[in-house]
Amino acid sequence: MDELTDERTVPGTSLRATPVSIGTSFLGDPPQPDGTPAVAADALARAMLAGPFAVIDTSNNYARGRSETVLGVAVRREGLPPGKTIVTKVDADPATGALDRDRVWRSFEESVGRLGIDRLPLLHLHDPYTVDVEEAFAPGGAVQGLTELREQGLVGALGIAAGPVSLMRRYAESGAFQVLLTHNRYTLVDRRAEELIDLAVDRGIGVFNAAPFGGGILAGSGETYAYRQASPELLAWVARARELCGRWDVPLQAVALRFSLRHPGIASTIVGVGRPERLAQLTRLQATAIPEEFWPELAALGTPPSTLED
Ligand SMILES: NC(=O)c1ccc[n+]([C@@H]2O[C@H](COP(=O)([O-])OP(=O)(O)OC[C@H]3O[C@@H](n4cnc5c(N)ncnc54)[C@H](OP(=O)(O)O)[C@@H]3O)[C@@H](O)[C@H]2O)c1
């Protein structure tokens, strides 16, 4: 199998994924100040469904539900193309922060209603920060709701999708989840999810690695990393990496993507896409040749400074 291009089954699931999956956290956001019309979101959703990437990652709360809504409109109109999967996530109640068994069921029902899909091959518990881990696993807690959905055949596999590695480890070690989704923690400038990914691989848990560009900075967009202002040290490291890439004639963005794609334990890397042309760009980035001799030179730049605590 070619680790960089071939479809694979995500461990712990029957889900087929391409090495790159598509992220939709801003899909359906209101029109931009430049007047970009809402119809742009529909065109983007259609392009995502027609594109070469098998998994589209959304969530109950992305763009306050509009991400799922826009995807659902496209699915109802054109059907879900063969080989395509939409993966969504359960979110806390936006008004109260409740994230218990009943909220999990409501979140699931909202999602399938918007998406127009009855059964979800994978459903993540998303950013469970309003409850502690004990509460999530207690009777009547979120994990009970997820387990019921799985037992009733409404959901194929359960995932945990969140940031802090210590929290992720506790969920991953519970045995209740078949998949984990980590973000911004296995990138060119942050490696703190490395042991978490190893743990998942040892346990047969499938791994999605999201945000290989740190939300944009490693793709040449903005000065934030993981949605916070990047430190001067981080900006300086990125400038040095870009200069090195210039000497090798490879785009930093291609290097950032390949860094995730070449990890054998990562089933798929989720890249956020905010406009249709990004899909073709991604295919080109994926195919960019990066000589093996480049990587030791990159390593010689030293440990990149992280902006995250956990
Ligand atoms: N807790 C969780 O479950 C969680 C957390 C984080 C992320 N995720 C998932 O992972 C996905 C990816 O994360 P992310 O979107 O935050 O980060 P990302 O994939 O690291 O970065 C995406 C950003 O890079 C920009 N970009 C891509 N190609 C570019 C180019 N050629 N030039 C300039 N900018 C470029 C995109 O801009 P455009 O918008 O202009 O295309 C987008 O804003 C999310 O959409 C979501 O589905 C999940």
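Use the structure listed above.
Residues numbered from 1 in each chain as written. Predicted model: local features only at pLDDT ≥ 70, side-chain atom pairs only at ≥ 80, totals over all residues. Heavy atoms only, no water.

Caption draft 1: Broad picture of the pairing of strand β12 (residues 268–272). Counting buried positions along β12 yields four of five residues, so the element is predominantly enclosed. Here strand β3 (residues 20–23) runs beside β12; their pairing, made up of four bridges, is parallel. For S21, the partnering residue across the bridge sits in β12 and is I270. Pairing geometry for strand β9 (residues 206–210) and β12, over three bridges, is parallel. Across the sheet, A210 pairs through a bridge with I270, a residue of β12. (Buried < 20%, exposed > 50% of the residue type's maximum accessible area, 1.4 Å probe, protein only. Helix = DSSP H or I, 4+ residues; strand = E, 2+ residues; numbered from the N terminus. Pairing = 2+ DSSP bridges.)

Caption draft 2: Geometry of the site of the ligand. Every one of the 30 residues lining the ligand counts as a neighbour, but S25, D57, F213, Y227 and R278 are closest to it. At 2.8 Å, a side-chain N or O of S25 approaches an oxygen atom of the ligand. With respect to the ligand, the backbone of A219 contributes an N or O atom lying 3.4 Å from a nitrogen atom. In isolation the ligand exposes 920 Å². Once the protein is present, 88% of that is buried. (Near = heavy atom within 4 Å. Polar contact = N/O pair within 3.5 Å; in protein donor to acceptor, adjacent residues only side chain to side chain. Areas by Shrake-Rupley, 256 points an atom, 1.4 Å probe, with all protein chains shown as cover.)

Caption draft 3: How the structure looks around the packing of aromatic side chains. Going through the model one piece at a time under the given rule, you end up with six aromatic pairs. Ring plane angle 80° and centroid distance 6.4 Å describe the contact between W105 and F108, whose orientation is recorded as edge-to-face. Here F108 and W105 lie together in helix α3 (residues 101–115), a separation of three residues that amounts to about one turn. On the basis of relative accessible area, W105 is assigned to the buried category, the value being 14%. Here Y186 and F259 contribute two aromatic rings whose centre-to-centre distance is 4.6 Å and whose plane-to-plane angle is 20°, an arrangement assigned as stacked. Of this pair, Y186 sits in the loop between β8 (179–183) and α7 (194–203) while F259 sits in helix α9 (residues 252–261), placing them 73 residues apart in sequence. (Phe/Tyr/Trp six-rings, centres within 6.5 Å; stacked < 30°, edge-to-face > 60°.)

Caption draft 4: Representation of the packing of α9 against helix α10 (residues 277–287) in the model. At a closest axis distance of 9 Å, the pairing of α9 and α10 adopts a crossing angle of 70°. As summarised for this structure, α9 and α10 are arranged roughly perpendicular, according to the angle between their axes. On α10, the residues touching Q253, A254, L257, R258 and L261 of α9 are L282, L285, Q286 and A287. (Axes fitted to C-alpha atoms, helices over the stretch in contact; angles between N-to-C directions. Parallel < 35°, antiparallel > 145°, perpendicular 65-115°, else oblique. Contact = heavy atoms within 4.5 Å.)

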